[in-house]
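Listed here are the chains, written in short residue letters.
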Amino acid sequence: MQAVKNHAAAPETPVATPIETPSVAPSAAWQGWTLALFASFCFSFAPAIARGAILSGMNSTLLLVLRLWTAALLFGATIAVMDKGLLRVARQTLLVTAVAGTCNGFGMLLFFWALERVDASVSSMILSLIPLAVLSLLALRGERFTYRHFVRLGLGLGGVYLLIGPGGEVDHRGILLLVIAILCFSAHMVMLQWFLKGQDARAISFYINLAMASVVGIYWLTTAPTWQTPSLPGWLAAGGLALISTYLARLSFVAAVDRIGSGQMTLLSPLETLLTLTWSMLFLQEHFAPLQWVGAVLVLSSALLAIQRLKLARWRPRWRNWTRV
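Quick caveat: nothing in here was measured; it's all calculated off a predicted structure. (Residues numbered from 1 in each chain as written. Predicted model: local features only at pLDDT ≥ 70, side-chain atom pairs only at ≥ 80, totals over all residues. Heavy atoms only, no water.)

1. Side note on the state of the cysteines
All told, the structure shown has zero disulfides when counted by the stated rule. Of all cysteine sulfurs, the one in cysteine 184 lies closest to cysteine 103, which takes part in no disulfide; the gap is 4.4 Å. (Disulfide = S-S within 2.5 Å.)

2. Quick notes on the pattern of salt bridges
One pass over the full model with this rule turns up two salt bridges. Here arginine 51 makes a salt bridge to aspartate 119, at a shortest N to O gap of 3.1 Å. Taken together, the positions of arginine 51 in helix α3 (residues 46-55) and aspartate 119 in the loop between α5 (91-114) and α6 (120-127) put the pair 68 residues apart, joining distant regions of the chain. By relative accessible area, which is 30% here, aspartate 119 ends up partly exposed. Put simply, arginine 117 and aspartate 171 hold a salt bridge, and the shortest N to O gap is 3.2 Å. With a gap of 54 residues between them, arginine 117 in the loop between α5 and α6 and aspartate 171 in the loop between α8 (147-164) and α9 (172-195) connect regions that are remote in the sequence. Take arginine 117: its relative accessible area is 36%, and that puts it in the partly exposed class. Residue aspartate 171 is classed as partly exposed on the basis of its relative accessible area of 28%. (Salt bridge = Lys/Arg side-chain N within 4 Å of Asp/Glu carboxyl O. Helix = DSSP H or I, 4+ residues; strand = E, 2+ residues; numbered from the N terminus. Buried < 20%, exposed > 50% of the residue type's maximum accessible area, 1.4 Å probe, protein only.)

3. Looking at a nonpolar patch on the surface
Among the surface-exposed residues, Phe38, Phe41, Leu243, Ile244 and Leu248 lie close enough to one another that they form a single nonpolar patch of about 380 Å² accessible area. Of all the secondary structure elements, the ones that give two or more residues to the nonpolar patch are α2 (26-44) and α11 (232-260). Of the residues examined, phenylalanine 38 reaches a relative accessible area of 37% and is grouped as partly exposed. (Patch = residues over 30% accessible without salt bridge, like charges linked within 9 Å, V, L, I, M, F, W, Y side chains within 5 Å. Areas by Shrake-Rupley, 256 points an atom, 1.4 Å probe, with all protein chains shown as cover.)

4. As for α3
An α-helix turns once every 3.6 residues. As a result, residues three or four positions apart point the same way. With seven of its ten residues buried, α3 lies for the most part within the structure. Among the residues of α3, Ala46, Pro47, Ala48, Ala50, Arg51, Ala53 and Ile54 are the ones counted as buried.

Next up, the structure:
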């Protein structure tokens, strides 16, 4: 703590404070990495399942509504069984979770709309730039921009160009939706780290998921007044997304972060992307052209470099009055 004060007193030589890297016993670390791998495995199915359901005729917005509201019910039931007192949170916490959930819900809408236009494999590759976007957002609260950041940015943009430009015919409107979704997801992540650190993860997950479900549900009700009963594959896809890629994935993710820290958890982002590519190629018969593979390597390289920097980035919020919400 004294070291942090010393750095604050000497701004002419800023030193990054590492993101939380808790010292844990070997057994706890082993459990944490097992849970982290399981969470990445569960998350990796989402783009392929959603893309497959959409290609079969499922409305993307309805699919997202069913996914989020089912997951909200699962989270709520879990809290009701374990500890109902978790639902009592501060007013500021409710405000932050509402804003973060609204932002993430809007991003999810854009992502599912993009899946109507862009393959799951390309979508997952572009989403792997989220660490780079998070690093850019940290500049809003004082994180230094260096020439290495521009190198990361150049690698990422060059990789995206090869993915959507000469490497293949990709819907550019779908790519735009993905770019805006990345910004929404990244804003959601930094809000959690800045304002909700130390809060009970079960309650935070429930309220954020509830906000996401509300945003998507309100949009669906105002734009799709007639109910269209999903087919059996549609119901199965919605159930799989809710149970595997939302409920189980988030619970495992939260438990993993408690044991090994969020800085270590980000190291698995490229693994999740590679798993999504595998499912997309195995089950959806998607493939990359040679130049697109080059672009994929550049995008992953950019993400890995951004993750390396995120482990050293300073995450303390500038707005001190929000640190105890």
